[in-house]
Amino acid sequence: MRRSSTFARQVLLVRVGRRDGDLHPTDLTPTEHRYADRQRRRYGLDRLSRPTLGVDPTLGLDRADIDAVVPVSPAMPPMAQVDEARSIPLLPGERTMARRMKFGLVNACTLASLMLGMLAIFLAMQGEVRMAALCLIACVGFDGLDGALARRLGVASPFGAQMDSLADMCSFGLAAPVVVYASLAGSVSTAAAAVACALVAACAAIRLARFNVSPKDGRFFCGVPTTMAAAVLAVTVAIGLPVPGAVLVAGVALLAFAMVSSFPYAKLARLVKLPPWLWLAPVIGALVDIRLTFALIVVGYLVSGPVLWLRQRRTA
């Protein structure tokens, strides 16, 4: 209010009382400077800034020290300098036509995974749960393909990593729960199916966010990966496991909590290095009974996390 009255007084002086040309230069001093001078006079700081008033020079006071203690009006916040916006390239490094084409190919795979996830939702809404589950399996394939191509072609970038994370949330964090919810319709209560599928979506979001900000471990995942959890759900719907609906709901909830757990789970690169006879057993089992073999593999992988966690605690 004090600054407003000062400004109004200046306007009146200029337009009414000072028409004779007797306007002094000091009357046009900016309001901010006059307000700062009034503060110095009020707190007696002008006397300290004048060496002619008998101030002891041993005090070491200068204009900077005085300005540091002058109170600042809350109506006049300091103006921060805003840096100009900088354009950050999506593809770091050399920007040749060949690298741009490779970059576009990798992101096309990511978008294909996203579009297949949307198609899975549409099919599930129409009751085509088997076809929707197959679309999710194709999403898993494209999700692994874009990362492999980005590393092999040398076009990996932070933009691609963020695109992959967003596509995973849409395809595996949203489309997969919708497909599972459609498959559970009629076998369990609507509330139980909705809660289990909502847990999958929430835990997938937490899992992806934690993965983006956590240091990477080349040997193990911290919790079940979102892609693998979606693959398990999609294959479960596609082959139609002959288990009660309550067991399926419990399994979906357990898989959701496994995504946000701290248990270490081996990556696919370590699983490939297993002895050949261990890979031969699932193949033979799939030829005999694919449903039972798949259930045993999923249970074994989920149990491997707590086992590795206990082993690491004992050796630590």
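Sequence order as written defines the numbering, with residues in each chain counted from 1. Predicted model: local features are reported for residues with pLDDT of at least 70 only, side-chain atom pairs are reported and counted for 80 or more only, and whole-chain, interface and lining totals are derived from all residues. Hydrogens and waters are ignored; side-chain quantities use all the structure's heavy atoms.

Asker: Looking at this structure, I do not really get helix α9 (residues 226-239). What am I missing?
Answerer: At 3.6 residues per turn, the α-helix brings residues three or four places apart onto the same side. Along its 14 residues, α9 runs 20 Å from first to last C-alpha, staying within 8% of the 20 Å computed at 1.5 Å per residue. When you tally the buried positions in α9, you get 10 out of 14 residues, the bulk of the element. Per-residue accessibility, obtained with a 1.4 Å probe over protein chains only, is compared with the maximum for each type, and a residue is labelled buried under 20%, exposed over 50%, and partly exposed between these values. Going along the chain from the N terminus, every DSSP run of H or I of four or more residues is numbered as a helix, and every run of E of two or more is numbered as a strand. Regarding α9, the residues found buried are Thr226, Thr227, Ala229, Ala230, Val232, Leu233, Ala234, Thr236, Val237 and Ile239. Whether two residues are in contact is decided by their heavy atoms, any of which lying within 4.5 Å being enough. In this structure, the buried side of α9 is in contact with α6 (129-153), α7 (158-184), α8 (190-213), α10 (245-259) and α13 (290-315). Once α9 finishes, Gly240 follows within two positions and takes phi at roughly 65 degrees, a positive value. For a helix, the expected span equals 1.5 Å multiplied by the residue count minus one.

Asker: Looking at this structure, I do not really get the nonpolar core. What am I missing?
Answerer: Most often, soluble globular proteins have nonpolar side chains that are buried together. Within this scheme, the nonpolar core is defined by two criteria: the residues are buried Ala, Val, Leu, Ile, Met, Phe, Trp, Tyr or Cys, and they are joined through side-chain atoms within 4.5 Å. Counting 44 residues, the largest nonpolar core has Leu136, Val179, Val180, Val224, Leu233, Met259 and Leu302 as its most contacted members. Considering every element that reaches this core, the biggest residue donor is α9, with 7 residues. If near-sequence neighbours (up to four positions away) are discounted, Met259 is found in contact with Val200, Cys203, Ala204, Arg207, Arg210, Cys222, Gly223, Val224, Thr226 and Ala229. If you look at the next biggest cluster of nonpolar residues, it comprises 5 residues, including Leu91, Phe103, Val106 and Val155.

Asker: Would you mind going over the packing of α6 against α9 with me for this structure?
Answerer: To obtain an axis, a line is fitted to C-alpha atoms, over the contacting stretch when the element is a helix, and the angle between two such axes runs from 0 to 180 degrees between their N-to-C directions. The geometry of α6 relative to α9 is characterised by a closest axis approach of 8 Å and an angle of 150 degrees between their N-to-C directions. With respect to their mutual orientation, α6 and α9 come out roughly antiparallel. By crossing handedness, the relation of α6 to α9 is classed as left-handed. Taking contact as the criterion, the partners of Val129, Arg130, Ala133, Leu136, Ile137, Val140 and Asp143 in α6 are, on α9, Thr227, Ala231, Ala234, Val235, Val237, Ala238 and Ile239. For classification purposes, an angle smaller than 35 degrees is called roughly parallel, one larger than 145 roughly antiparallel, one from 65 to 115 roughly perpendicular, and anything else oblique. Should the near helix be turned anticlockwise from the far one by less than a right angle, the crossing is termed left-handed; should it be turned clockwise, right-handed.

Asker: Looking at this model, I keep getting lost on the packing of helix α12 (residues 276-288) against α13. Mind explaining?
Answerer: Two quantities define a packed helix pair, namely the angle between the axes and the distance from one axis to the other. Two elements in contact, α12 and α13, have axes separated by 6 Å at closest approach and are oriented at 140 degrees. Between α12, through Pro282, Gly285, Ala286 and Val288, and α13, the contact on the second element is made entirely by Ile290, Thr293 and Ile297. In the contact of α12 with α13, the residues fall into 5 nonpolar, 2 polar and no charged. In this classification, Asp, Glu, Lys and Arg are treated as charged, Ala, Val, Leu, Ile, Met, Phe, Trp, Tyr, Cys and Pro as nonpolar, and every other residue, Gly included, as polar.

Asker: I'm lost on a nonpolar patch on the surface in this one. Help?
Answerer: A cluster of nonpolar side chains, Met115, Met118, Leu119, Phe122 and Met125, forms an exposed patch at the surface whose accessible area comes to about 520 Å². As for its position among the elements, Leu119 is in helix α5 (residues 97-125). On the basis of relative accessibility, which here comes to 37%, the residue Leu119 falls in the partly exposed class. Patches in this entry comprise residues that are over 30% relatively accessible and not in a salt bridge; like charges within 9 Å are linked, as are nonpolar side chains (Val, Leu, Ile, Met, Phe, Trp, Tyr) within 5 Å. For accessible areas, the Shrake-Rupley method is used with a probe of radius 1.4 Å. Any residue's cover is judged against the shown protein chains and nothing else. Basic side-chain nitrogens of Lys or Arg form a salt bridge, by our definition, when they fall within 4 Å of a carboxyl oxygen of Asp or Glu.

Asker: Sorry, what's going on with the packing of aromatic side chains here?
Answerer: The geometry of an aromatic ring pair is captured by two quantities: the separation of the ring centres and the angle between the planes. Aromatic pairing here means that ring centres of Phe, Tyr or Trp (its six-membered ring) are within 6.5 Å. Orientation follows from the plane angle: under 30 degrees is stacked, over 60 is edge-to-face, and everything else is tilted. Throughout the structure, instances matching the rule amount to 3 aromatic pairs. Geometrically, the ring pair formed by Phe263 and Trp309 is edge-to-face, given 5.7 Å between the ring centres and 65 degrees between the ring planes. Taken together, the residues span a long stretch of sequence, with Phe263 in the loop between α10 and β2 (264-266) and Trp309 in helix α13 at a distance of 46 residues. Classification of Trp309 by relative accessible area gives partly exposed; the value is 32%.

Asker: Any chance you could explain the side chain of Thr226 here in plain terms?
Answerer: Structurally, Thr226 is set in helix α9. Not counting residues up to four positions away in its chain, the partners in contact with Thr226 are Phe172, Ala204, Arg207, Leu208 and Met259.

Asker: Is there a simple way to think about α6 in this case?
Answerer: Between the first and last C-alpha of α6 there are 36 Å, a value that for 25 residues agrees with the 36 Å anticipated at 1.5 Å per step. Among the residues of α6, Val129, Ala132, Ala133, Cys135, Leu136, Cys139, Asp143, Asp146 and Ala150 are the ones counted as buried. Looking at the buried residues of α6, the elements they touch are α5, α7 and α9. Following α6 by one or two positions, Gly154 adopts a phi angle in the positive range, close to 70 degrees.

Asker: Explain the environment of Met259 here, please?
Answerer: Mapped onto the elements, Met259 comes out in helix α10. In this structure the C-alpha to C-alpha distance between Met259 and Met228, which are 31 residues apart in sequence, comes to 9.4 Å.

Asker: Before we go on, may I ask you to explain the side chain of Asp168 in this structure?
Answerer: With respect to the helices, strands and loops of the structure, Asp168 is situated in helix α7. In this structure, Asp168 is buried with no salt-bridge partner, the nearest side chain bearing the opposite charge being Arg207 at 8.9 Å. Note that His is not counted, nor are the chain ends; the positive residues are Lys and Arg, and the negative ones are Asp and Glu.

Asker: When you look at the confidence of the model for the protein chain in this model, what are you seeing that I'm missing?
Answerer: Caution applies to low-pLDDT parts of the model: their predicted coordinates are not meant to be read in detail. As a per-residue measure, pLDDT reflects the predictor's confidence and takes values from 0 up to 100. Counting all residues, the mean pLDDT for the protein chain is 78, and 72% of those residues have values of 70 or more. Here residues 11-32 scores under 50 on pLDDT; set against residues more than four positions off or in separate chains, the count is 18 contacts. In this model residues 51-56 is a low-confidence stretch, pLDDT under 50, and it forms 4 contacts with partners more than four residues away in sequence or in other chains.

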